[in-house]
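The chain contents come next:
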Amino acid sequence: MLYRVEGIVIRSMDYGEGNKIITICTENAGKVGVLVRGAKKVKSRHAALTQLFTTAEFVFFRNGTGLGTLNSGEISSSHHVLRQDLILAAYASYACELLDRVLHDEETGSFWFQQLKACLDALEEGKDPGIIINLYEMKILQTAGYGPELLSCISCGKDLSEDDSSVVSPRLGGVLCRSCRHLDPPAMKLSPKSLKLLRLFTRLDLRRLGHVDVKDETKAELKAVMRAFMDMQLGLNLKSQSFLDQMEKYGL
């Protein structure tokens, strides 16, 4: 059967001497693997379609639910700017690998596709990569069913204002009131400003993100708490995350 879908390349690997297999997150057909014959050859007309972050219309043949074979494609956005910048490439790779690990094959991917597309576009537009990725992580958690509870105590259900709680428990999955803080002694202290931004993240669509100016200390808090949520709730070991950690370690 012939498929024509819009998708984003989230993984690309060599296959045999001259071929590649790409994994694309599509808007309407979920996550799909496609064989691109001759993609490694110098004069291949399909080589550009196998580059990470590439957004394109892909036309491929596939029988059943197996691997498809690319017939043709038309690029709408190559995102070459992201591949040319080490830092941006690292963040974009993390966004793609995270989605690849969370999204199951054939799972409806419209929302996932739109959020990844918005994430890559925002990175290319020069918006703060740390904030973009934290917001993207929040969307991943929410769509996967692990969105944190930030408006009421995760234990007793008491409604909380921004000043009522500055303690967040990534292990339990949300904020704790004063009476319930003892349930998770390692819970993380969070400033009211950071908690306010986290609550905003739960309501904000990445496609609506404008330019934001967040102080370094607030960004550090957001990064720490979102990393803890991702580790506790999803528990994924991502190569791209390790690379980002190394970049931070060496001050890149």
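Residues numbered from 1 in each chain as written. Predicted model: local features only at pLDDT ≥ 70, side-chain atom pairs only at ≥ 80, totals over all residues. Heavy atoms only, no water.

Participant: Is there a simple way to think about the sheet that holds strand E7 (residues 174-175) in this case?
Facilitator: Picture the strands of a sheet paired through backbone hydrogen bonds; they go either parallel or antiparallel. The sheet built from three strands is open, its strands ordered E7-E6-E8 with antiparallel pairing. With partners counted over all chains shown, the strands left at the sheet margins are E7 and strand E8 (188-189), one partner each. Where strand E6 (residues 167-169) lies against E8, two bridges are found, and the strand directions are antiparallel. Residue Val 167 lies in a different strand from E8, and its bridge partner there is Lys 189. (Pairing = 2+ DSSP bridges. Helix = DSSP H or I, 4+ residues; strand = E, 2+ residues; numbered from the N terminus.)

Participant: Just to check I follow, could you spell out the packing of helix H3 (residues 110-124) against helix H4 (residues 129-143) for this structure?
Facilitator: Helices that pack against each other are described as a pair by the angle of their axes relative to one another and the distance between those axes. At a minimum axis distance of 10 Å, the contact between H3 and H4 shows a crossing angle of 175°. When the axes of H3 and H4 are compared, the pair comes out roughly antiparallel. Along its contact with H3, which presents Phe 111, Trp 112, Gln 115, Leu 116, Cys 119, Ala 122 and Leu 123, the element H4 presents Pro 129, Ile 132, Ile 133, Tyr 136, Lys 139, Ile 140 and Thr 143. Here the residues of the contact of H3 with H4 sort into eleven nonpolar, two polar and one charged. (Axes fitted to C-alpha atoms, helices over the stretch in contact; angles between N-to-C directions. Parallel < 35°, antiparallel > 145°, perpendicular 65-115°, else oblique. Contact = heavy atoms within 4.5 Å. Nonpolar A, V, L, I, M, F, W, Y, C, P; charged D, E, K, R; others polar.)

Participant: Which parts of the structure should I look at to understand the environment of Ser 179?
Facilitator: Of note, Ser 179 is situated in the loop between E7 and E8. In the structure, Ser 179 is positioned 26 residues away from Cys 153 in sequence and 9.5 Å away in space, judged by C-alpha atoms.

Participant: I keep staring at the nonpolar core and nothing clicks. Help me out?
Facilitator: Grouped burial of nonpolar side chains is what soluble globular proteins tend to show. Counting residues in each nonpolar core, the largest one holds 60 residues, and the members touching the most others are Leu 98, Leu 116, Tyr 136 and Leu 198. Of all the elements in the fold, those that place two or more residues in this core are strand E1 (2-15), helix H2 (86-102), H3, H4, E6, helix H5 (192-203), helix H6 (216-233) and helix H7 (239-249). In terms of residue count, H2 provides more of this core than any other element does, ten residues in total. Core analysis: the second largest hydrophobic core is formed by 13 residues, Ile 22, Ala 56, Phe 58 and Leu 70 among them. (Core = buried A, V, L, I, M, F, W, Y, C linked by side-chain atoms within 4.5 Å. Buried < 20%, exposed > 50% of the residue type's maximum accessible area, 1.4 Å probe, protein only.)

Participant: Honestly, the sheet that holds strand E2 (residues 19-26) in this entry has me stumped. Any pointers?
Facilitator: If you walk around this closed barrel you meet the five strands as E1-E2-E3-E5-E4, and the pairing is mixed. In this sheet, adjacent strand axes meet at a mean angle of 50° when their direction is disregarded. Direction of pairing for strand E4 (residues 55-61) relative to strand E5 (residues 68-77): antiparallel, over a ladder of seven bridges. What sits directly across from Phe 58, in E5, is Gly 73. This element, H2, spans E1, E2 and strand E3 (31-36) of the sheet and lies at about 110° to E1. Where H3 meets the sheet, its contacts fall on E1, E2 and E5, and the angle it forms with E1 comes to roughly 60°.

Participant: Mind showing me how you'd approach the layout of surface pockets here?
Facilitator: To find leftover empty space, one rolls a probe the size of a water molecule over the atoms. Considered as a void within the structure, the largest pocket measures approximately 460 Å³ in volume. What lines the largest pocket is a set of 20 residues, among which Tyr 91, Pro 129, Gly 130, Lys 223 and Glu 248 lie closest to the centre. Among the elements of the structure, H2, H4, H6 and H7 are those that each provide at least two residues to the lining of the largest pocket. Take the lining of the largest pocket: its biggest share by element is six residues, from H4. (1 Å grid on protein atoms, 1.4 Å probe; cavity = no way out; pocket = protein on both sides within 12 Å on 5 of 7 lines; lining within 4 Å. Points joined across faces, edges and corners; volume = space filled by probe spheres on them.)

Shape is all these values report; function is a separate question.
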